Amino acid sequence: MAPIQNVKGMRDHLPADMMLRQYIVNTLTRISESHGFEPLQTPIIEYAETLEGKLGDEEKLIYRFEDHGGRRLALRYDQTVPLARVTAQYAGQLTLPWRRYAYGPSYRGERPARGRYREFYQFDLDIVGSASPLADAEIVAMLCEALTALGFPGFVTLLNHRQIIGGIARVSGLSEEAAGGVYRAIDKFDKIGADGVRAELIKSGVTPAAADQILELVQIDGTADEVLDALAQKLAADERAVAAIANLRAVLNGLMAMGVPAEQYRVAPRLARGLSYYTGVVFEAITPHWPEGSLLGGGRYDDLIGLFAGRNIPTVGLAFGIDRLHDVMIELNLGPRPQTTALAFVTLFGAEQVAESLRLAAELRAAGINTLIALEPGNIGKQFKEADRRGVRFALVLGPDELARGEVVIKDLQRGEQRSLPRAAAISLLAEALSEGK
Ligand code: AMP
């Protein structure tokens, strides 16, 4: 017999976990729509060719397979490449700039670890078809808004620009081709430290003197303005870096104008971000309470969609990793932890009261109160226990006496209080408890 076991690196999400995951997704959806973002859903499976040649080193992690018709297919690696395909495929139907959000699973053949899975859910936000620094600022502002709404303590969004790193490599005497190795080495800074990065740079052919200069520049620290001022001075000879610094300043001005608290972002010249398709601003959110890695990240990728569309479509976006947010929220004890989706449990007193009890349950639901109904009439004490065991706060009883009086008994299982109220009053009481709980 086959083992009763889910596939390694892919997870089942039981109800208690799902309720927190849905809370996260609902929060992100609310924030996305408050900024006028529109939903998009694409298939999990793409032609392998669609994904190939877009992901650099990461391409080896793609799950590929052949279907019954011998087509070469792949599970999507992220929701960004499918977005690029969609933008090109439906060019006539989409109004640019297009703000879209998307939620769903992605697949990577990684070595599973805490916070790293082979199937994981991402919630993406992208602004397609705008090169404005206000687009970058809006995405970063939404990231800060989301982490604040979810209650993450002390998070910081680190910001950098690909052409700042490029400039650092160039002023240190490196060729354009060597700059790729510099991104990769610097990307590991938080994992392997300055000495590790130095060793890695030297291994990739960088001279010790150049490696030292690169390390000095990527470690510039201070307020956003201080870091940009220092970089402007050191990279003054590199035109592209100068433009990148001006671009980052415009993004920071946008963040300020959008009211993002200054302590929620910083400029970090050592931030590289792994993916090869980024071209401009890159960012990543971290919290000292989760030293294992970033909560999420994103950036500007102006060339990716052009690979499909045949013309330049500048885009900026980010992907929230729902699994990682969830894991960290569990660890830090953040967010609500409901045990159930129901607020009310309607008991069944006896066979004669079943129909009226079902009607009561329907009235409660019509009033917006999530309601469970017992399935067997019988001992009310037992039914109270069942409601309590399920974590439902209120149990209701319609016995012959209550029915005769037009009332209903309502027991608050959390507080242990019980009273008999006219039916309409009982429904209002629950509606009130519902709005307080929100
Ligand atoms: P990326 O598409 O690599 O920029 O990742 C965006 C976000 O998705 C990351 O910040 C993570 O939160 C999440 N993520 C990426 N890879 C994984 C993975 N293997 N398992 C769980 N979450 C992931």
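Attention here is on the structure that accompanies the text. (Residues numbered from 1 in each chain as written. Predicted model: local features only at pLDDT ≥ 70, side-chain atom pairs only at ≥ 80, totals over all residues. Heavy atoms only, no water.)

**Focus: the packing of helix H4 (residues 133–149) against helix H10 (residues 239–257)**
Part 1: Their axes nearest at 8 Å, the elements H4 and H10 cross at an angle of 50°. In terms of their interaxial angle, H4 and H10 are classed as oblique. Like other packed secondary-structure pairs, H4 and H10 cross with a definite hand, here right-handed. Between H4 and H10, the contacting residues are Pro 133, Leu 134, Asp 136, Ala 137, Val 140 and Ala 141 on the first element and Asn 247, Ala 250, Val 251, Gly 254 and Leu 255 on the second.
Part 2: Broken down by class, the residue content of the contact of H4 with H10 amounts to eight nonpolar, two polar and one charged. (Axes fitted to C-alpha atoms, helices over the stretch in contact; angles between N-to-C directions. Helix = DSSP H or I, 4+ residues; strand = E, 2+ residues; numbered from the N terminus. Parallel < 35°, antiparallel > 145°, perpendicular 65-115°, else oblique. Left-handed = near helix turned anticlockwise from the far one by under 90°. Contact = heavy atoms within 4.5 Å. Nonpolar A, V, L, I, M, F, W, Y, C, P; charged D, E, K, R; others polar.)

**Some points on the layout of surface pockets**
Part 1: By volume, the second largest pocket amounts to about 1000 Å³.
Part 2: Forming the walls of the second largest pocket are 28 residues, and the residues nearest its centre are Pro 338, Thr 340, Thr 341, Leu 434 and Gly 437.
Part 3: Elements with a contribution of two residues or more to the lining of the second largest pocket: helix H1 (15–34) and helix H16 (423–437).
Part 4: It is H1 that contributes the most residues to the lining of the second largest pocket, six residues altogether.
Part 5: Broken down by class, the residue content of the lining of the second largest pocket amounts to 12 nonpolar, 11 polar and five charged. (1 Å grid on protein atoms, 1.4 Å probe; cavity = no way out; pocket = protein on both sides within 12 Å on 5 of 7 lines; lining within 4 Å. Points joined across faces, edges and corners; volume = space filled by probe spheres on them.)

**Concerning the packing of aromatic side chains**
Each aromatic ring pair is summarised here by two numbers: the centre-to-centre distance and the angle between the ring planes.
Part 1: Tallied over the entire structure, the rule returns six aromatic pairs.
Part 2: Geometrically, the ring pair formed by Tyr 103 and Phe 123 is tilted, given 6.2 Å between the ring centres and 35° between the ring planes. In this pair, Tyr 103 sits in strand E5 (residues 98–107) while Phe 123 sits in strand E6 (residues 119–128), placing the two residues 20 residues apart along the sequence.
Part 3: Taking the relative accessible area as the measure of exposure, Phe 123 reaches 1% and is therefore buried.
Part 4: Centroid distance Phe 123 to Phe 320: 6.4 Å. Interplanar angle 75°. Geometry classified as edge-to-face. Here Phe 123, found in strand E6, pairs with Phe 320, found in strand E11 (residues 315–321); they are 197 residues apart in sequence, far enough to count as distant.
Part 5: Through successive ring pairs, a cluster of aromatic residues spans Tyr 101, Tyr 103, Tyr 121, Phe 123 and Phe 320.
Part 6: The aromatic ring of Tyr 117 is capped on one face by Arg 11, whose charged end is 3.7 Å from the ring centroid.
Part 7: A cation over a ring is seen here: Arg 108 above Tyr 77, with NZ or CZ 3.8 Å from the ring centre. (Phe/Tyr/Trp six-rings, centres within 6.5 Å; stacked < 30°, edge-to-face > 60°. Buried < 20%, exposed > 50% of the residue type's maximum accessible area, 1.4 Å probe, protein only. Lys NZ or Arg CZ within 6 Å of the ring centre and 35° of its normal.)

**Some words on the pairing of strand E15 (residues 407–412)**
Part 1: The element E15 is largely enclosed, with a buried count of five among its six residues.
Part 2: Of the pairings in the sheet, the one linking strand E14 (residues 394–397) to E15 comprises four bridges and is antiparallel in character. Bridging from a neighbouring strand, Leu 396 pairs with Ile 410 of E15.
Part 3: Between the antiparallel neighbours E15 and strand E16 (residues 417–422) lie four residues, among them Gly 416 with a positive phi of about 70°. (Pairing = 2+ DSSP bridges.)

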